[in-house]
Amino acid sequence: MSLEILSADVLERAGPTDEIPPPMTETAFTSDFLKVLQERGYIHQVTHPAELDEAATKGVITAYIGFDATAPSLHVGSLIQIMMLRRLQQTGHKPIVLMGGGTTKIGDPTDKDQSRPLLTEAQIQANIASIKTVFAKFLTFGDGPTDAIMVDNDAWLSKYGYVDFLREFGVHFTVNRMLAFDSVKARLEREQPMTFLEFNYMLMQSVDFLELERRNGCLLQMGGSDQWGNIVNGVELIRRVDQKPAFGLTTPLLSTASGQKMGKTVGGAVWLNADMRSPYDYWQFWRNTEDADVGRFLKLFTDLPLDEIARLEALPGAEINEAKVILAREATTMLHGIDDALASELTARLAFKDGVTDASLPTVEVARDQFPVHRTTAGLVVEAGLAKSLGEARRLIAGGGVSINDRRALADEKHGYDQLLPELNAFKVQVGKKKIVLVKPV
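First things first, this report covers the structure right here in the doc. (Residues numbered from 1 in each chain as written. Predicted model: local features only at pLDDT ≥ 70, side-chain atom pairs only at ≥ 80, totals over all residues. Heavy atoms only, no water.)

Topic: helix H12 (residues 228-241)
Consideration 1: The first and last C-alpha atoms of H12 sit 20 Å apart over 14 residues, in line with the 20 Å expected at 1.5 Å per residue.
Consideration 2: Summarising burial for H12: 10 of the 14 residues are buried, a large majority.
Consideration 3: Within H12 the residues assigned to the buried category are Trp228, Gly229, Asn230, Ile231, Val232, Asn233, Gly234, Val235, Leu237 and Ile238.
Consideration 4: Of the residues trailing H12, Gln243 is marked for its positive phi of about 50 degrees. (Helix = DSSP H or I, 4+ residues; strand = E, 2+ residues; numbered from the N terminus. Expected span 1.5 Å × (residues − 1). Buried < 20%, exposed > 50% of the residue type's maximum accessible area, 1.4 Å probe, protein only.)

Some thoughts on the environment of Ile82
Consideration 1: Positionally, Ile82 belongs in helix H4 (residues 79-90).
Consideration 2: The exposure class of Ile82 is buried, given its relative accessible area of 0%.
Consideration 3: Residues Ile82 and Pro95 lie 13 residues apart in sequence; the distance between their C-alpha atoms is 9.9 Å.
Consideration 4: Residues contacting Ile82, with those up to four places away along its chain left out, are Phe67, Leu74, Val134, Phe135, Phe138 and Leu272. (Contact = heavy atoms within 4.5 Å.)

Comments concerning the pattern of salt bridges
Consideration 1: Tallying each qualifying case throughout the model produces 14 salt bridges.
Consideration 2: Lys324 is paired through a salt bridge with Asp291; the nearest N and O atoms lie 2.5 Å apart. Taken together, the residues span a long stretch of sequence, with Lys324 in helix H16 (residues 320-336) and Asp291 in the loop between helix H13 (279-287) and helix H14 (294-301) at a distance of 33 residues.
Consideration 3: Looking at Lys324, the relative accessible area reads 4%, which means it is buried.
Consideration 4: Each of Arg86, Arg87 and Asp303 takes part in salt bridges that share partners, so that together they form one network. (Salt bridge = Lys/Arg side-chain N within 4 Å of Asp/Glu carboxyl O.)

Regarding the pairing of strand S6 (residues 220-224)
Consideration 1: Within S6, 5 of the 5 residues are buried, which leaves the element mostly enclosed by the surrounding structure.
Consideration 2: Here 2 bridges tie strand S3 (residues 62-68) to S6, and the two strands are oriented parallel to one another. Paired with Tyr64 across the two strands is Gln221, which belongs to S6.
Consideration 3: The pairing of S6 with strand S7 (residues 247-251) spans 5 bridges and is classified as parallel. Residue pairing for S7: Gly224 is matched across the bridge by Thr251.
Consideration 4: In terms of handedness, the path from S6 via H12 over to S7 forms a crossover that is right-handed. (Pairing = 2+ DSSP bridges. Right-handed = clockwise from strand over helix to strand, strands pointing away.)

Focus on the packing of helix H11 (residues 201-216) against H12
Consideration 1: Interhelical geometry of H11 versus H12 gives an angle of 50 degrees and a closest axis separation of 8 Å. One way to sum up the angle between H11 and H12 is to call them oblique. The element H11 and its partner H12 pack so that their crossing is right-handed. The segment H11 lies against H12, with Tyr201, Met202, Gln205, Ser206, Val207, Phe209, Leu210, Glu213 and Arg214 engaging Asn230, Ile231, Asn233, Gly234, Val235, Leu237, Ile238 and Val241. (Axes fitted to C-alpha atoms, helices over the stretch in contact; angles between N-to-C directions. Parallel < 35°, antiparallel > 145°, perpendicular 65-115°, else oblique. Left-handed = near helix turned anticlockwise from the far one by under 90°.)

Some words on H4
Consideration 1: Compared with the 16 Å implied by 1.5 Å per residue over 12 residues, the 16 Å span of H4 between its first and last C-alpha is a close match.
Consideration 2: Along H4, 11 of the 12 residues are buried, which leaves the element largely enclosed by surrounding structure.
Consideration 3: Of the residues making up H4, those classed as buried are Leu79, Ile80, Gln81, Ile82, Met83, Met84, Leu85, Arg86, Arg87, Leu88 and Gln89.
Consideration 4: Following H4 by one or two positions, Gly92 has its phi on the positive side, about 95 degrees.

Overview of the environment of Ala393
Consideration 1: Within the element layout of this structure, Ala393 appears in helix H19 (residues 390-398).
Consideration 2: C-alpha separation for the pair Ala393 and Ala378, spaced 15 residues apart in sequence, amounts to 5.2 Å.
Consideration 3: Those residues in contact with Ala393 that sit more than four places away from it in its chain are Ala378, Val381, Val382 and Ala387.

A closer look at the side chain of Asp208
Consideration 1: Position of Asp208 relative to the elements: it lies in helix H11.
Consideration 2: For the buried residue Asp208, which engages in no salt bridge, the nearest side chain bearing the opposite charge is Arg215, 8.7 Å off.
Consideration 3: Only 2.9 Å separates the side chain of Asp208 from the side chain of Asn153, close enough to count as a polar contact.
Consideration 4: Look past the residues within four positions of Asp208 in its chain and what remains in contact with it is Tyr64, Leu98, Thr103, Asn153, Trp156 and Leu157. (Lys, Arg positive; Asp, Glu negative; His and termini not counted. Polar contact = N/O pair within 3.5 Å; in protein donor to acceptor, adjacent residues only side chain to side chain.)

Written out as structure tokens, the structure reads:
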């Protein structure tokens, strides 16, 4: 993972695109904030690093990250951003959580091949209300100098008249430059349509930064590296219009050691809200971390000291599983609390080591009128979310790694209601040693 420190002159040399210049030599930061981010692997790019480091050393800085409300929950892919706000507060600075009540109405074209479905005002507000509950697990909110605050960009974006918005801000953006951004070029090169609505998103994000600078003294915007172009636009807008210091910082876009996008599983997105993914499933997600990712994820997603992390990631052979259990325990505790973390750990130990089936295992309910009286093993595996298709399920079964009710099963073997586990009225579907799901006809 390379660290790129981008000064003002480098930004100018980079030209009118969001393509990343060659990595520069790592900077020895003096502020606790940037040192912690650097040591734990959060930093991918920084604008004006020396100036930002000095500001973070001299006093409290205010920084924000924006989150659009496209679903009732954020997922693990957003967790690195939430953790970065946590690191900001832990080192004595003030986080702003910006909810995208306004920008969600438009849709961020970044890293997208097609337009996002437009949500109604009611859907957006319901999503925001649901998402809000997660942040209190990671940040301290209040009125103090370093307490986090949450704001909604609809508070200002919806107040602008179209002509006023264009007149005040449109003059600072050129179509030439906007067309050169990677996020736009990728869509156009694939001949995927990009609406004028989406084209305005980068202006709106830049105005968000300017409004937060004026309203809250915010001088730093953070985000994933796919947001680099949008962030630089905001930095330049503030420096040009208000002649005030403004900075941008991005994290690397995470993928697993095997190249899979962070937070994506066969069963779908790893949601943060408990009603969309149970604490046990969340615990299992971290327990199933690949060996090569354990140290990196401990640094990014837990508060464990670096020397303890170094010990854990150096564990040899099968002992690395101890580190995975600790990662799962720490990450689950932070989101769901210690009780749910320990209960998930106990359930997993009983299920996998002692062969005990417990009602706290993840359960998929299927309506009986949509559930055949006799179900094949492959069908149950797909129903459990442990394979995407019948073909994939049959390949898993052919490898000998699938059991139904603790008995190895064949792909086309049929399982009737008379085989439901009596104590749970469900089928116990297991793939490999780590994945168990109850499929329950209701």
